[in-house]
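Commentary on secondary and tertiary structure
One-letter residues, chain by chain:
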Amino acid sequence: MAEELKPGCARPEIKREKKEEITENVIEKKEVKSMVKVGKPAPLFEAPAYHEGKFINVKLEDYKGKWVLLCFYPGDFTFVWATEVAAVAAKYDEFKELGVEVLSVSTDSHFVHKMWNDHELSKMINKDIPFPMVSDAGGYIGTLYGIYDEDSGTETRGRFIIDPDGVIQGFEVLTPPVGRNVSETIRQIKAFQLVRKTQGGEVTPSGWKPGKTTLKPGPELVGNVWKVWKVEEAFE
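What comes next concerns the included structure. Owing to the predicted nature of the structure, the values given are computational and were not obtained by experimental measurement.

1. Regarding the nonpolar core
Phe-95, Ile-129 and Phe-131 are the most contacted members of the largest nonpolar core, which has 26 residues in total. Among the elements that make up this core, the one with the highest residue count is helix α2 (residues 79-90) (six residues). Residue contacts for Ile-129: discarding those within four places in its chain leaves His-51, Glu-52, Val-85, Ala-89, Asn-117 and Leu-121. In this structure, Val-58, Val-68, Ile-147 and Phe-160 belong to the second largest nonpolar core, which totals 23 residues.

2. What about the pairing of strand β10 (residues 168-174)?
Note that strand β9 (residues 157-162) and β10 share six bridges and pair antiparallel. Across the sheet, Ile-161 pairs through a bridge with Gly-170, a residue of β10. Where β9 folds back onto β10 in an antiparallel hairpin, the turn is made up of five residues, including Gly-166, whose phi is positive at roughly 80°.

3. Notes on the side chain of Glu-46
Within the element layout of this structure, Glu-46 appears in strand β2 (residues 46-51). In this structure the side chain of Glu-46 is engaged in a polar contact, spanning 2.5 Å, whose partner is the side chain of Asn-57.

4. Thoughts on the side chain of Gln-193
Considering the arrangement of structural elements, one finds Gln-193 in helix α6 (residues 182-197). Note on Gln-193: relative accessible area 19%, which makes it buried. Only 2.8 Å separates the side chain of Gln-193 from the backbone oxygen of Leu-98, close enough to count as a polar contact. Discounting chain neighbours no more than four positions away, the residues touching Gln-193 are Trp-67, Leu-98 and Val-100.

5. A word on the packing of α2 against helix α4 (residues 110-125)
Where α2 contacts α4, the two axes come as close as 10 Å, and the packing angle between them is 60°. Relative to α4, α2 is oriented oblique. As α2 runs across α4, the sense of the crossing is right-handed. Contacts from Trp-81, Ala-82, Thr-83, Val-85, Ala-86 and Ala-89 of α2 reach α4 at Trp-116, Leu-121, Met-124 and Ile-125. Tallied by class, the residues present in the contact of α2 with α4 amount to nine nonpolar, one polar and no charged.

6. Comments concerning the pairing of strand β4 (residues 67-72)
Counting buried positions along β4 yields six of six residues, so the element is predominantly enclosed. What you see with β4 is no split at all: Trp-67, Leu-69 and Cys-71 on one side and Val-68, Leu-70 and Phe-72 on the other are buried throughout. Here β4 pairs with strand β5 (residues 100-106) via six bridges, running parallel. Following the sheet pairing, Phe-72 is matched in β5 by Val-105. In this sheet, β9 lies alongside β4 in antiparallel orientation, the contact comprising four bridges. By the bridge assignment, Leu-70 is partnered in β9 with Phe-160.

7. Topic: α6
Look at α6: 23 Å from first C-alpha to last across 16 residues, which is about the 22 Å you get at 1.5 Å a residue. Buried residues along α6 sit against β4, α2, α3 (92-97), β5 and β9. Put simply, Asn-181 is the residue that caps the front of α6, since its side-chain oxygen is 2.9 Å from the backbone nitrogen of Ser-183.

8. Quick word on the environment of Ala-137
Following the sequence through the fold, Ala-137 ends up in the loop between β6 (133-135) and α5 (140-144). For Ala-137 and His-110, which are 27 residues apart along the polypeptide, the C-alpha to C-alpha distance reads 9.3 Å.

9. Considerations on the packing of aromatic side chains
The description of an aromatic ring pair rests on the distance of the ring centres and on the angle between the ring planes. In the structure shown here, the tally under the stated rule is 11 aromatic pairs. Here Phe-72 and Phe-160 contribute two aromatic rings whose centre-to-centre distance is 5.8 Å and whose plane-to-plane angle is 80°, an arrangement assigned as edge-to-face. Remark: Phe-160 occurs in strand β9 and Phe-72 occurs in strand β4; sequence separation between them is 88 residues. The exposure classification of Phe-72 matches that of Phe-160, with both residues buried. These aromatic residues form a ring-pair network of at least three members: Phe-45, Phe-72, Tyr-145, Phe-160 and Phe-171.

The rules we used
- Residues numbered from 1 in each chain as written.
- Predicted model: local features only at pLDDT ≥ 70, side-chain atom pairs only at ≥ 80, totals over all residues.
- Heavy atoms only, no water.
- Core = buried A, V, L, I, M, F, W, Y, C linked by side-chain atoms within 4.5 Å.
- Buried < 20%, exposed > 50% of the residue type's maximum accessible area, 1.4 Å probe, protein only.
- Helix = DSSP H or I, 4+ residues; strand = E, 2+ residues; numbered from the N terminus.
- Contact = heavy atoms within 4.5 Å.
- Pairing = 2+ DSSP bridges.
- Polar contact = N/O pair within 3.5 Å; in protein donor to acceptor, adjacent residues only side chain to side chain.
- Axes fitted to C-alpha atoms, helices over the stretch in contact; angles between N-to-C directions.
- Parallel < 35°, antiparallel > 145°, perpendicular 65-115°, else oblique.
- Left-handed = near helix turned anticlockwise from the far one by under 90°.
- Nonpolar A, V, L, I, M, F, W, Y, C, P; charged D, E, K, R; others polar.
- Expected span 1.5 Å × (residues − 1).
- Phe/Tyr/Trp six-rings, centres within 6.5 Å; stacked < 30°, edge-to-face > 60°.

Below is the structure:
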């Protein structure tokens, strides 16, 4: 799935699709636009990453057929993301059980990702970060996903859920000071998976968790949601 990079000091460039290969200035200023829409294909990318002691090459298209949790964050050695990445790593086995691959992305180099893993993150979870930490030098990937901040040169705190068909099912974008809830992310993934399994025959109301009431869309449900679902269920 991921190609290991050969040793060397030069930073590998993020590969762009051929249609983007015009001139660097045009790409950065005009041509690269956010293509993110819920229910539409996730923008493809290829970039270097650090993963469990190795420098690898990550291609999003290689994850076709699996669920993907794509997490952008402002930068390594930042405070809030340290708590988030530790929380995601702590729940990594649960993500794997759900068939979810996790990718984290920032504008830091894969060399800096290694330093952060070795000097801080591994001490927080007592092991290496178990998923690839992708380098988005220049913010190309972040620009595609609409979360790259040109003023600061960093990614905004964005999270994207991509289904096995490569389609974005949901995303959340927050300002840097506020961390995301990993348990809520897992809840949403389970909900999307149920809807996919039933081919839309069942949908999930507010606060849904496995085992709780689902809704079955149809003419008979119009104006009658109150008969089959109680608002208290959103908070149980």
